[in-house]
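Take a look at the letters that make up each chain.
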Amino acid sequence: FPPAFQSIPRNPIVLDLAYNCIDFPVLDERKKKVQRGFISRLWG
Amino acid sequence: MAPKSKEKPKTSSSSHPPPAIEDLFTTLDRHIQRSEYEQAVKVADQVLSIAPADEDAIRCKVVALVKDDKIDDALSVIQSFHKLPIDLGFQKAYCLYRQNKLDEALQCLRGRERDSETLLLEAQILYRLGKTDACVDVYRKLQNSDIETAEVNFVASLVSAGKASQVEKALDSWK
């Protein structure tokens, strides 16, 4: 006495990966346009 | 910052025209980028008061509530828009899963395209239901889907299914 410690199996880790799939829509098209000419000059 | 003389009378809403929707979406997106979910819900509501069926606003509201851990509220919002042709089935299934209504959640996923997000959620539901063999099968389907850290759950399902001896081989063949 006292009894020796024993190892016990623990529950394996599970991640809530589905949570990461809950995502916001892309709002770029809905936002206020900022100076289209300038933007398109950069990326056009 | 010291308050400037410019005053913004926020309380008198009736005398001002409602803000343009594109301004609201600009604000909404800023709240989302800053993870200010409570604010995001408020702005989404503002959009919906002008455009009651706006799909982006509805989606933003639902997702913001989920991210803010208000699962019950998210679910009731989803219910309240169920007559609109907006597919919120995955979000609904996820909320049911979080409420531990596992059979309902599975039911909700039935008939959906079996893409990786659907498979991921299905596997998590099966795991909680203790249907570990079925769960292992679903994770095998996700093996080539390139989802980060999905192998963690795969290993858990193998161990729980009493197939711990297969873990090493399974991990070798992952990806």
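A few points on the structure.

Conventions adopted
- Residues numbered from 1 in each chain as written.
- Chains lettered and ligands numbered in written order.
- Predicted model: local features only at pLDDT ≥ 70, side-chain atom pairs only at ≥ 80, totals over all residues.
- Heavy atoms only, no water.
- Helix = DSSP H or I, 4+ residues; strand = E, 2+ residues; numbered from the N terminus.
- Buried < 20%, exposed > 50% of the residue type's maximum accessible area, 1.4 Å probe, protein only.
- Areas by Shrake-Rupley, 256 points an atom, 1.4 Å probe, with all protein chains shown as cover.
- Axes fitted to C-alpha atoms, helices over the stretch in contact; angles between N-to-C directions.
- Parallel < 35°, antiparallel > 145°, perpendicular 65-115°, else oblique.
- Left-handed = near helix turned anticlockwise from the far one by under 90°.
- Contact = heavy atoms within 4.5 Å.
- Nonpolar A, V, L, I, M, F, W, Y, C, P; charged D, E, K, R; others polar.
- Buried area = accessible area lost by both parts, 1.4 Å probe.
- Salt bridge = Lys/Arg side-chain N within 4 Å of Asp/Glu carboxyl O.
- Polar contact = N/O pair within 3.5 Å; in protein donor to acceptor, adjacent residues only side chain to side chain.
- Phe/Tyr/Trp six-rings, centres within 6.5 Å; stacked < 30°, edge-to-face > 60°.
- Lys NZ or Arg CZ within 6 Å of the ring centre and 35° of its normal.

Digging into the overall build of chain A
- Helix and strand counts for chain A come out as one helix and zero strands.
- Here chain A holds 44 residues, and the buried ones make up 14% of them.
- For chain A, the computed accessible surface area is about 4,200 Å², with 59% contributed by carbon and sulfur atoms.

Observations concerning the packing of helix α5 (residues 89–98) of chain B against helix α7 (residues 116–128) of chain B
Residues and elements named next belong to chain B.
- At a closest axis distance of 11 Å, the pairing of α5 and α7 adopts a crossing angle of 20 degrees. It follows from the interaxial angle that α5 and α7 lie roughly parallel. Crossing geometry of α5 relative to α7 is assigned as left-handed. Each of F90, A93, Y94 and Y97 in α5 lies in contact with α7, whose residues at this interface are E117, T118, L121, Q124, I125 and R128.
- Considering only residue class, the contact of α5 with α7 consists of six nonpolar, two polar and two charged.

What about unusual backbone geometry?
- For the bond from F1 of chain A to P2 of chain A, the omega torsion is -5 degrees, close enough to zero to count as cis.
- As for its placement among the helices and strands, P2 of chain A is situated in the segment before α1 (36–43).
- A positive phi angle, close to 60 degrees, is found at S35 of chain B, a residue other than glycine.
- Among the structural elements, S35 of chain B can be located in the loop between α1 (21–33) and α2 (37–50).
- With phi around 65 degrees, D69 of chain B is a residue other than glycine that occupies positive phi space.
- Within the secondary structure layout, D69 of chain B lies in the loop between α3 (55–67) and α4 (71–80).

Notes on the interface of chain A and chain B
- Contacts between the two partners involve 17 residues from chain A, matched on the other side by 35 residues from chain B.
- Together chain A and chain B conceal approximately 2,500 Å² of surface at their shared face, both sides included; 66% is due to carbon and sulfur atoms.
- For chain A, the biggest contributors to the area lost against chain B are I22, F24 and R30 of chain A; these three give 30% of the whole.
- Connecting chain A to chain B are four salt bridges.
- For D29 of chain B, the salt bridge goes to K31 of chain A, with nearest N and O atoms at 2.8 Å.
- For the pair chain A and chain B, the number of links is twelve residue pairs in polar contact (both at pLDDT 80 or more).
- Of the residues in the side of chain A that touches chain B, the class split is twelve nonpolar, no polar and five charged.

What about the packing of aromatic side chains?
Residues and elements named next belong to chain B.
- Enumeration according to the criterion identifies five aromatic pairs over all chains in this entry.
- On the basis of an interplanar angle of 45 degrees and a centroid distance of 5.9 Å, the ring pair of Y94 and Y97 is categorised as tilted. Taken together, the positions of Y94 and Y97, both in helix α5 and three residues apart, correspond to about one turn of that helix. The residues Y94 and Y97 share a single accessibility class, namely buried.
- Ring geometry for Y139 versus F154: centroids 6.4 Å apart, planes at 50 degrees, classification tilted. One end of the pair, Y139, is in helix α8 (residues 132–141); the other, F154, is in helix α9 (residues 150–160), and 15 residues separate them in sequence. Like F154, Y139 is buried.
- Taking NZ or CZ as reference, R128 lies 4.1 Å from the ring centre of Y97, over its face.

Brief notes about the pattern of salt bridges
Residue and element names in this part refer to chain B.
- With the rule as written, the count across this model stands at twelve salt bridges over all chains.
- Between K70 and E38 there is a salt bridge, with its nearest N and O atoms 3.9 Å apart. With a gap of 32 residues between them, K70 in the loop between α3 and α4 and E38 in helix α2 connect regions that are remote in the sequence.
- Using a relative accessible area of 47% as the deciding quantity, one classes E38 as partly exposed.
- In this structure, R59 and E55 form a salt bridge, with 3.0 Å as the shortest nitrogen-oxygen distance. Of this pair, R59 and E55 both sit in helix α3, four residues apart, which is roughly one turn of the helix.

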